[in-house]
Amino acid sequence: MTAPSPPPLTLEAARDLQKTLGTEIGPGLSERELDAVEARFGFAFAADHRVFLSAGLPRGSRSWPDWRHGDPEDLAGRLSRPVEGVLFDVEHNGFWHPAWRPRPAEASDALRIARSELAGVPQLVPVYGHRYLPGIAGEWGHPVLSVHQTDIIFYGNDLADYVRYEFTGRASSAPARATVAFWSYFVEGGPVTDVTAPTPHTLHALNAREAAEEADR
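Heads up: these notes are all about the structure in this document. All figures in this text were calculated on a predicted structure; none of them were measured in a lab.

1. Considerations on helix 6 (residues 159-168)
Phase 1: Counting buried positions over the 10 residues of helix 6 gives 8, a clear majority of the element.
Phase 2: Turning to helix 6, its buried residues are Leu159, Ala160, Asp161, Tyr162, Val163, Tyr165, Glu166 and Phe167.
Phase 3: Just downstream of helix 6, Gly169 is the residue with a positive phi angle, here 80°.

2. As for the environment of Phe52
Phase 1: Within the secondary structure, Phe52 sits in helix 3 (residues 47-55).
Phase 2: Leave out the neighbours within four places in its chain, and Phe52 touches Leu9, Ala14, Gln18, Leu21, Pro58, Trp64, Leu159 and Val163.

3. Topic: the environment of Pro98
Phase 1: Examined against the element boundaries, Pro98 turns out to sit in the loop between helix 4 (72-92) and helix 5 (107-118).
Phase 2: Given the relative accessible area of 58%, Pro98 is considered exposed.
Phase 3: Measuring from C-alpha to C-alpha, the distance between Pro98 and Tyr185 comes to 9.5 Å, with 87 residues separating the pair along the chain.

4. Here's the deal with the environment of Asp66
Phase 1: Tracing the sequence through the fold places Asp66 in the loop between strand 2 (57-59) and helix 4.
Phase 2: We classify Asp66 as partly exposed; its relative accessible area is 28%.
Phase 3: For Asp66, the residues in contact, after removing those within four places along its chain, are Leu57 and Leu75.

So, how was this worked out
Residues numbered from 1 in each chain as written. Predicted model: local features only at pLDDT ≥ 70, side-chain atom pairs only at ≥ 80, totals over all residues. Heavy atoms only, no water. Buried < 20%, exposed > 50% of the residue type's maximum accessible area, 1.4 Å probe, protein only. Helix = DSSP H or I, 4+ residues; strand = E, 2+ residues; numbered from the N terminus. Contact = heavy atoms within 4.5 Å.

Printed below as a string of structure tokens:
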């Protein structure tokens, strides 16, 4: 059964979630700051991600992206990591998405086509470590994904569910909703995904390379 769409995240609920993080929380990003980050790096935060960062900016661990004072090169690298991981598997592990045109024999041609296809895929935006949220302006309720190349798994039904799971061990028992076609291919049984593995809601990992070594902790 498909889970219903979660309700929008409020500032008050976001602040309550941040109390569970066990890390320092700095002042939230203003709308102007959020807009400037999006313009500088060429992506959009989802609506619930904007609310979360408006409530406060987690810091004290390099796993949290520092959208205010962080190194631009580091932030750009985090943003590019999901696409670069797919391209790595195209080049080295034979990955090819079934919706793409037939794979050419030359690796350079395959990478060129893959880059072109990936340019139209919704951006994944880092939340914490290797946990990413689809960056679709004005939308909320997308699942948080743990991403390691094409080994991609659900790590929360939405941003609030993810925070509860990652930092308190509690999560919804409802099934996660696949919302973005390209990335959903992997979590719904893509070639590198073991769909018989435990889900995040069993409180055990899971894969996505052991949930990317538990977000590098």
